[in-house]
Amino acid sequence: MALKITLKTGERMIIGGAVVTNGSVSACDLIIENKVPILRQKDILSEEKADSPCRRVYYAIQLMYIDEGNLAEYHKLYWDLVRDVVRAAPNTVALIDSINEQILQRRYYQALKLTRRLIDYEQEAIERVSGSVKGI
């Protein structure tokens, strides 16, 4: 079954490793007729924006998803990153285990969705710490 995607003007996405951008057309319909990795602009994290431990985890998974040719390198990076996250925040183990399960089953898009929850947790923790520092 084909997947129909509508891109807004200027919207970008990754399809099978290629970055596609809708130029000046008001809307562009794309029909994807085979199974390839697809990430819409809202789900793409640039390397520059991978500026925290959990965002770097997301970025590593994103690379696994769009560039399967270098999986060994990305897997090593991923396992190093999650080891550090778990050391710093042991209460993330259950969520990391769920992400790991998706990685091991090569369901990278599902792993990315779970990693968004990890990023949300990280952001909340940062806000709690900065709030308590401000209150001193």
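Figured I'd write up the structure that's included with this text.

Reading guide: rules and limits
Along each chain, residue indices are assigned from 1 in the same order as the chain's sequence is written. Confidence filtering applies because this is a predicted model: local features only for residues at pLDDT of at least 70, side-chain atom pairs given and counted only at 80 or more, and all residues used for totals across whole chains, interfaces and linings. Based on all heavy atoms of the structure, the side-chain values leave hydrogens and waters out of the count. Strand pairing requires that DSSP identify at least two bridges connecting the strands. Every helix listed is a DSSP run of H or I at least four residues long, and every strand listed is a run of E at least two residues long, numbered separately from the N terminus. For this analysis, a polar contact is any N or O atom pair within 3.5 Å, provided that within protein one partner can donate a hydrogen and the other can accept it, and provided that sequence-adjacent residues contribute only side-chain to side-chain pairs. Whether two residues are in contact is decided by their heavy atoms: any pair within 4.5 Å suffices. Centres within 6.5 Å make a pair out of two Phe, Tyr or Trp rings, where for Trp the six-membered ring is used; the pair is then stacked when the planes are under 30 degrees apart, edge-to-face when over 60, and tilted otherwise. For each residue, the accessible area found with a 1.4 Å probe, counting protein chains only, is set against the maximum for its type, and the residue is called buried under 20%, exposed over 50%, and partly exposed in between. By this rule, a helix spans an expected 1.5 Å times one less than how many residues it contains. What the arc describes is the spread of directions from the helix axis to the C-beta atoms.

Observations regarding the pairing of strand 2 (residues 12-15)
Working step 1: Inspection of the sheet shows strand 2 paired to strand 3 (residues 18-21) by 4 bridges, in the antiparallel sense. By the bridge assignment, I15 is partnered in strand 3 with A18.
Working step 2: With antiparallel pairing between neighbouring strands as the criterion, strand 2 and strand 3 make up a hairpin whose turn holds 2 residues, including G16 at a positive phi of roughly 55°.
Working step 3: In the sheet, strand 2 pairs with strand 5 (residues 38-40) via 3 bridges, with the strands oriented antiparallel. Paired with I15 across the strands is I38, a residue of strand 5.

Some points on the side chain of N100
Working step 1: Its location among the elements puts N100 in helix 3 (residues 93-104).
Working step 2: Side-chain polar atoms of N100 contact the side chain of Y78, separated by 2.5 Å.
Working step 3: Discounting residues that sit within four places of it in the chain, N100 has contacts with Y78 and W79.

With respect to the side chain of N22
Working step 1: Residue position: N22 is located in the loop between strand 3 and strand 4 (27-32).
Working step 2: Reaching out from N22, the side chain makes a polar contact with the backbone oxygen of L7 at a distance of 3.0 Å.

A few points about the packing of aromatic side chains
Working step 1: Within the structure shown, the criterion is met by 2 aromatic pairs.
Working step 2: Geometrically, the ring pair formed by Y65 and Y109 is tilted, given 6.0 Å between the ring centres and 50° between the ring planes. Of this pair, Y65 sits in helix 1 (residues 53-66) while Y109 sits in helix 4 (residues 108-134); the two residues are 44 residues apart in sequence, bridging distant segments of the chain.
Working step 3: For Y65, a relative accessible area of 14% corresponds to the buried category.
Working step 4: When its relative accessible area of 29% is taken as the criterion, Y109 is described as partly exposed.

Considerations on helix 3
Working step 1: When the terminal C-alpha atoms of helix 3 are compared, their 16 Å separation across 12 residues agrees well with the 16 Å that a helix rising 1.5 Å per residue should span.
Working step 2: Buried within helix 3 we find L95, I96, I99, N100, Q102 and I103. Across the axial projection of helix 3, the buried residues extend over an arc of 160°, all falling on one side. Projecting away from the buried face of helix 3 at angles above 90 degrees are the exposed residues A94 and L104.
Working step 3: Looking at the residues trailing helix 3, positive phi occurs at R106, about 60°.

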